[in-house]
Amino acid sequence: MGEGINTHAQKGAAARRFGVRAKLWLAFGSVATMTVVASAVALHSFDVADDTLTRISQRQLPVMAALSRLEQQGSLLLATVPALIHAESLESLHRRARSVAQAEEDFIAAQNRVRAALDGFGGGERIETIGELSARIGAHLQILQSAMEHRWRLMEQQEDLLKRIAPLERRTPHILLPVTAEHIPSATLAQLAEIERKIKSLTWMDAPVRADLVRLTALRRTEIQTHTLAVRQMEHIRFLSAGLDAEARSLIDSWQASSAADRTKMIDSMRQSRLILMLASGLAVAGALAVAWLYVGRRVVRRIVEIETSMRGIAGGDFDAAIPEGGDDEISRMAAALSVFRDAMRSVAHQARHDALTGLLNRNGLMETGGALIEEKQPGALIYFNIEAFKEINDTFGHDAGDHVLVAVAERLRRAARPDWLLARLGGDDFAVLAPDCGEKTAMEYAARIQRALASPVASDQLTIDLRAAIGIVCYPLFGDTPRELLQRADLAMNAARARRETPVLLYEPALGTAAEHHKTVRSELRHAIEDGQFHLVYQPKIDIASNRMSGVEALIRWNHPERGLISPLDFIPIAERSGLILPLGAWVLETACRQAKDWMDENVDLTVAINFSASQFLQPDVVKHIERALDETGLPPDRLEIEITESVLLRDEADVLGRLRDLRDCGVSLALDDFGTGYSSLSYLKRLPVTGLKIDQSFVRDMFLRDDDTRITSAIIRMAHDLGLSVVAEGIENARQLAFFRDAGCDLGQGYLFAKPMPAADIPAFGLAVGGAT
Amino acid sequence: MIRLLRTACLALICLAALPATAQAFRAAVLYNVGGKLDKSFNESAFRGVLAARAAKLTVDEYEPATDDDRAPMLESAAQSADIVVAIGFAYRDALSEAAKKHPAIHFTIVDNIVDLPNVQSVRFKEQEGAFLAGVAAAESSSTRIVGFVGGMDSALVRRFQAGFEQGVRHAVPGARVVPRMLGTSVDAFADPMAGYLVAKEEIADGADVLFAAAGASGLGVYQAAEEAAAKAIGVDSDQNYLFPGTMLTSVVKHVGDTVLRVVKAAAANQWRGGMLYIGLKEGGLSLAIGRHNAQMISPELREKIDRAATEIAAGTLVVEEMPRTRAPIAGGGL
């Protein structure tokens, strides 16, 4: 087991090691490596360039400099050479020879520099040739110099000789001398030969003089030779110089060519380096782009974008949004986490739109799903129903039983439903069905279908519960195009339907809406009416049938609306009951009536006042205290007050109701059962009620003579009531026949238009005097 | 002179500033009059200096302009160098003085003999080289008359003359040598015009191959030979390139090798005083045959020369130092 966990952990670590981060590091590492390579190439090419530049600057440049200096020194040397021939004296010759020698030495130095600079570079043969040429020039210079030196000496010797010969010549007659000595130093070689021949013929001349002449001629001949030799050396030197010049120039040319080749090589190498550099940096950039595009862009960002899209989709309720799969890195784990999240969201969304108990749609679900259906504008219907007296089921059998009923309803609804119906539980016992694609008639059939489905009792634990549903139907788009509107109208129809006992199904029609609107208006106006004193009481006398005297009055409320005039209690009492306003209204009536009765008592008008209590009013927990306080405050004796209650009160908690009734009886207030004969109440039931009297409903009285049974029943009721010690009041007596019947039947009191209509309190004493009772 | 002062100053600065380096070996070479680039004797020594420097040895150079410069230069060299090499027989007297004055310094004299314990005397067997020149000259002559032009009439030049004459006779028994000396002073080594005139005379006498053992004066001899379409033989250095087509060959004295050998030995503490004779056997002399004259030396001639050289080196052929006759001294010129 532990081993397994370890292996798993190691796998996880391995996956992390080669996840997005590791891959990015790897990618950036390789890009960085390529950058380093590019830098290395750049450095290398820099080195190559540097090397070449060094070679050029350290080796080629000195060579070039030395070569140009060599050329310069060569020209300088050549320029000094002619000075040797044109020297004016021996001293000047020596002087010039020294400068020539200096020039030669400089030239040789330059040549040596070239040789040193060229060392190891090749071109040795050419520099050797240059060396030989310059050496030859040097050799010819030495010959030239020597020749010129000899010439000067020879010229000096000729001069000395001439000086010796001159006196002799002066002594000899000119005609005798075939040759003049002074002509000899300027004679040509041909002239010298002639002169020598002539000298030989001068046999008469002194031998020493003749020898001097011969010597002079010889000196002149040698001098000419030196001159010729010197001139020839000059030619040699010029010729060799031209060769030297050509050699030096071609050396320079070849060096320029070689350095140009070096430069070309460097440029080539630089170009190559640049190419490699561009290639390497291009590769680096391409690598970076590839990483950014292929991996980060496609593998990472695209998946993240996909996940983001999925997340948006999920957030927007689209639980089918694709979540990228595959891979084994952080993103795939993120995608897996998103899947879990999506499932959770799907469940939450389902819960948000569905009722947990029944699994049907809830109100939100119906709104959303139904909204879409309704918007399609296809005619359809919303069927709304609730279970009658579900609250009682809950109260009586407990919430578990209630839930059981709801689940059963939902189940039956499902079974009865067509596939295209939307079923919803809106809360409590309210259910709704959205049936698309149907008209009024079909909708009614559907409602019947639902009713049938709910008709059989629901079995819960040991008991069975009968279900009855009130159904309201609204058709769309005729009567609304939003779920909210439709629900509201279907609710109206359902509430209206509840009143129908046999078939509590109703189609919505605008009139329902108007009535509802009216109720709403009345309800809001009621509040103000109580505060503004728009209500007043009228009193209808109760006549003792036997004595024909007024024994009491029934207080009746009237609403004198400032705009609409008198409003019937039938119009506003039910509304007041439903809205709870019946309580303050009832309190006002109680107090006003009690005060009025006390006033009458104080005026010696002896009357009992009857007040109607609605069921909700009577079922108030502290109703007895209210009544007692009203009596206390007005000072009216309890036996002057009668409370009229309807049978519906008795449908509620029997023990509680009986308790209250007894409490009221105990404090001396009379109690009358109103509207007797319209409900389900039976005479045997009546026996247990602690009431003091009952009132036969006017509708009963009105139709009494239409059937024989009814008159008999009425007589029987009166008789039985008397047997139980109850007084009986007949309401709605409008003609003498009715009065005669009740007088014969022994009915105690009568009330109706035959005697008097309800009248203001002020008219009551006068009426009492008129009928001759009460005072 | 300037060079001397500069060198002296440099040496002084080195001695003063860097006493430690004073221990480093230092050689001095003194050239003969005529400049170190005389295309002949001095230049040969100069090549030895270059070779020594290439071997990372320190060598100072001294170039006297006149005879009077020799003594002070020797003195200066003796004060700064461990070995002083003087090139040229004319250094004999001055070097004797200096060697006596600096007994701890080693001296080497080339081309003369000084009998002192701290002096090494190097002498070349010039007659052996000249013998080969004689063979080449005789074989190349069509008139069977060859000329010899000596510089200063001295034992050294006479050794050249003797060897040359023996070689001529050895190769062509009927051939004749016309010998002449240019003078009796050192100036005779530096007078090309005199050489030129003497060579003209010898050519007029019928000589068609001329051997000059006359230093710079030889240049005039070669010039004359060139003008007369005759042939000439150079001396001391390889002078074949000076007058291409005229120069048959040159008798090379390997002074440079000697200078290098002496300086190296001194640096290695293997220098010894006394006499050193250098001949063909020791490689001290040779005939220059190269690209300038190869086409003038036939294979047969080459073979003859080589055979003679082999015999001389082996000692089977002995070359006399003294010529049979004294050569006349040319006086017409100066």
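Up top you'll find the structure we're talking about.
*Asks:* A description of the overall build of chain B should follow, citing residues and the corresponding values.
*Replies:* The number of helices and strands found in chain B is ten helices and twelve strands. Scaling as 2.2 N^0.38, a compact globule of 334 residues should have a C-alpha radius of gyration of about 20 Å, and chain B matches this with 20 Å. For chain B, the C-alpha atoms occupy an extent of roughly 65 × 45 × 35 Å along the three principal directions. Sorting the 334 residues of chain B into buried and exposed places 59% on the buried side. Restricting the contact set of chain B to residue pairs at least 6 apart, pairs at least 24 apart contribute 68%. Here chain B displays about 13400 Å² of accessible surface, and carbon together with sulfur accounts for 54% of that area. Each charge sign in chain B was given a centre, from 33 positive and 37 negative side chains, and these centres are 4 Å apart.

*Asks:* Describe the packing of helix H15 (residues 582-602) of chain A against helix H17 (residues 623-634) of chain A, and please don't skip the residues or the numbers.
*Replies:* Residue and element names in this part refer to chain A. Interhelical geometry of H15 versus H17 gives an angle of 35° and a closest axis separation of 9 Å. Between H15 and H17 lies a crossing whose hand is right-handed. Listed contacts from H17 to Leu590, Glu591, Cys594, Arg595 and Lys598 of H15 are His626, Ile627, Ala630, Leu631 and Thr634. Broken down by class, the residue content of the contact of H15 with H17 amounts to five nonpolar, two polar and three charged.

*Asks:* Could you give me a rundown of the pairing of strand S13 (residues 670-676) of chain A, with the residues and numbers involved?
*Replies:* Residues and elements named next belong to chain A. The element S13 is largely enclosed, with a buried count of five among its seven residues. Pairing analysis gives five bridges linking strand S12 (residues 641-646) to S13, with the strands arranged parallel. Paired with Ile643 across the bridge in S13 is Leu671. Across three bridges, S13 lies against strand S14 (residues 693-696) in parallel orientation. By the bridge assignment for S14, Phe676 is matched with Ile696.

*Asks:* So what's going on with the side chain of Arg660(A)? Residues and values would help.
*Replies:* All names here are of chain A. Following the sequence through the fold, Arg660 ends up in helix H18 (residues 654-666). Classification of Arg660 as buried rests on a relative accessible area of 9%. Setting aside residues up to four positions removed in sequence, Arg660 forms contacts with Phe618, Leu619, Gln620, Pro621, Val623 and Val624.

*Asks:* Residue-level account of the packing of aromatic side chains, with values.
*Replies:* Within the structure shown, the criterion is met by 16 aromatic pairs over all chains. Relative to Phe572(A), the ring of Phe535(A) has its centre 5.4 Å away and its plane inclined at 55°; by these criteria the two rings are tilted. Of this pair, Phe535(A) sits in strand S8 (residues 535-544) while Phe572(A) is found in helix H14 (residues 569-579), placing the two residues 37 residues apart along the sequence. Comparing Phe535(A) with Phe572(A) shows no difference in burial state: the two are buried. Through a chain of ring-to-ring contacts, the aromatic side chains of Phe535(A), Trp559(A), Phe572(A) and Trp588(A) assemble into a single cluster. A cation over an aromatic ring shows up here: Arg70(B) above the ring of Tyr91(B), its NZ or CZ 4.7 Å from the ring centre.

*Asks:* Describe the environment of Thr264(A), listing the residues and the values that go with them.
*Replies:* Counting through the fold element by element, Thr264(A) comes out in helix H6 (residues 207-315). Within the structure, the side chain of Thr264(A) is placed 2.6 Å from the backbone oxygen of Ala260(A), a separation counted as a polar contact.

*Asks:* Summarise the sheet that holds strand S3 (residues 83-87) of chain B; cite the residues concerned and give the values.
*Replies:* All names here are of chain B. Read across the sheet, six strands follow the order S2-S1-S3-S4-S5-S11 without closing on themselves; strand pairing throughout is parallel. Each having just a single partner strand, strand S2 (59-62) and strand S11 (274-278) make up the two edges of the open sheet. Mean inter-strand twist for the sheet, computed between neighbouring axes without regard to direction, equals 15°. The pairing of strand S5 (residues 119-124) with S11 spans five bridges and is classified as parallel. Residue Arg123 lies in a different strand from S11, and its bridge partner there is Tyr277.

*Asks:* Go over a negative patch on the surface, please, and point to the residues and values.
*Replies:* All names here are of chain A. There is a patch of like negative charges on the surface, built from Glu628, Asp632, Glu633, Asp663 and Asp666. Those elements giving two or more residues to the negative patch turn out to be H17 and H18. It is H17 that provides the largest number of residues to the negative patch, a total of three residues. Its place among the elements puts Asp632 in helix H17.

*Asks:* Got a sec to walk through the packing of helix H5 (residues 126-140) of chain B against helix H10 (residues 299-314) of chain B? Specific residues and values, please.
*Replies:* Residues and elements named next belong to chain B. Between H5 and H10, whose axes approach to 10 Å, the crossing angle comes to 155°. If you check the angle between H5 and H10, you find them roughly antiparallel. In this structure, the crossing between H5 and H10 has a hand that is right-handed. Counted together, Glu128, Phe131, Leu132, Val135, Ala136, Glu139 and Ser140 of H5 and Leu301, Lys304, Ile305, Ala308, Ala309 and Ile312 of H10 form the full contact between these two elements. Split into classes, the residues belonging to the contact of H5 with H10 amount to nine nonpolar, one polar and three charged.

*Asks:* Account for empty space enclosed by the protein, naming residues and giving values.
*Replies:* All names here are of chain A. Overall, the coordinates contain three cavities of 30 Å³ or more when judged by the stated rule. One number sums up the size of the largest cavity: a volume of about 80 Å³. Forming the boundary of the largest cavity are Leu583, Gly586, Ala587, Leu590, Phe613, Gln617, Gln620, Val623, His626 and Ile627. Elements supplying a minimum of two residues to the lining of the largest cavity: H15 and H17. Considering every element that reaches the lining of the largest cavity, the biggest residue donor is H15, with four residues. In terms of lining residues, the second largest cavity is bounded by Leu366, Gly370, Ile374, Leu382, Leu434, Pro483 and Leu487. Mapped by element, the contributors of at least two residues to the lining of the second largest cavity are helix H8 (363-375) and helix H12 (483-498).

*Asks:* Tell me about a nonpolar patch on the surface, and please be specific about residues and values.
*Replies:* A surface patch of nonpolar side chains, about 240 Å² in accessible area, is lined by Ile113(B), Met275(B) and Tyr277(B). Tracing the sequence through the fold places Tyr277(B) in strand S11.

*Asks:* Give a detailed account of a positive patch on the surface, specifying residues and quantitative values.
*Replies:* On the surface, Lys23(A), Arg298(A), Arg299(A) and Arg302(A) cluster together into a positively charged patch. For Arg302(A), the location among the structural elements is in helix H6.

*Asks:* So what about H5(B)? Which residues, and what values?
*Replies:* Here H5(B) is 15 residues long and its end C-alpha atoms lie 21 Å apart, about the 21 Å a rise of 1.5 Å per residue gives. In terms of residue burial, H5(B) counts as a mostly covered element, since 14 of its 15 residues are buried.

*Asks:* Could you give an account of the nonpolar core, naming the residues involved and the relevant values?
*Replies:* Core analysis: the biggest nonpolar cluster contains 133 residues, and Leu144(A), Phe164(B) and Phe211(B) have the highest contact counts within it. For this core, the element with the highest residue contribution is helix H4 (residues 124-171) of chain A, accounting for twelve residues. If we skip the residues at most four places from it in the chain, Phe211(B) touches Ala130(B), Gly147(B), Phe148(B), Val149(B), Phe160(B), Phe164(B), Ile233(B), Gly234(B), Val235(B) and Val251(B). Counting 77 residues, the second-largest nonpolar core is a separate cluster that includes Leu537(A), Phe572(A), Val605(A) and Met759(A).

Conventions and cut-offs
- Residues numbered from 1 in each chain as written.
- Chains lettered and ligands numbered in written order.
- Predicted model: local features only at pLDDT ≥ 70, side-chain atom pairs only at ≥ 80, totals over all residues.
- Heavy atoms only, no water.
- Helix = DSSP H or I, 4+ residues; strand = E, 2+ residues; numbered from the N terminus.
- Rg over C-alpha atoms; globule rule 2.2 N^0.38 Å.
- Buried < 20%, exposed > 50% of the residue type's maximum accessible area, 1.4 Å probe, protein only.
- Contact = heavy atoms within 4.5 Å.
- Areas by Shrake-Rupley, 256 points an atom, 1.4 Å probe, with all protein chains shown as cover.
- Lys, Arg positive; Asp, Glu negative; His and termini not counted.
- Charge placed at Lys NZ, Arg CZ, Asp CG, Glu CD.
- Axes fitted to C-alpha atoms, helices over the stretch in contact; angles between N-to-C directions.
- Left-handed = near helix turned anticlockwise from the far one by under 90°.
- Nonpolar A, V, L, I, M, F, W, Y, C, P; charged D, E, K, R; others polar.
- Pairing = 2+ DSSP bridges.
- Phe/Tyr/Trp six-rings, centres within 6.5 Å; stacked < 30°, edge-to-face > 60°.
- Lys NZ or Arg CZ within 6 Å of the ring centre and 35° of its normal.
- Polar contact = N/O pair within 3.5 Å; in protein donor to acceptor, adjacent residues only side chain to side chain.
- Patch = residues over 30% accessible without salt bridge, like charges linked within 9 Å, V, L, I, M, F, W, Y side chains within 5 Å.
- Salt bridge = Lys/Arg side-chain N within 4 Å of Asp/Glu carboxyl O.
- Parallel < 35°, antiparallel > 145°, perpendicular 65-115°, else oblique.
- 1 Å grid on protein atoms, 1.4 Å probe; cavity = no way out; pocket = protein on both sides within 12 Å on 5 of 7 lines; lining within 4 Å.
- Points joined across faces, edges and corners; volume = space filled by probe spheres on them.
- Expected span 1.5 Å × (residues − 1).
- Core = buried A, V, L, I, M, F, W, Y, C linked by side-chain atoms within 4.5 Å.

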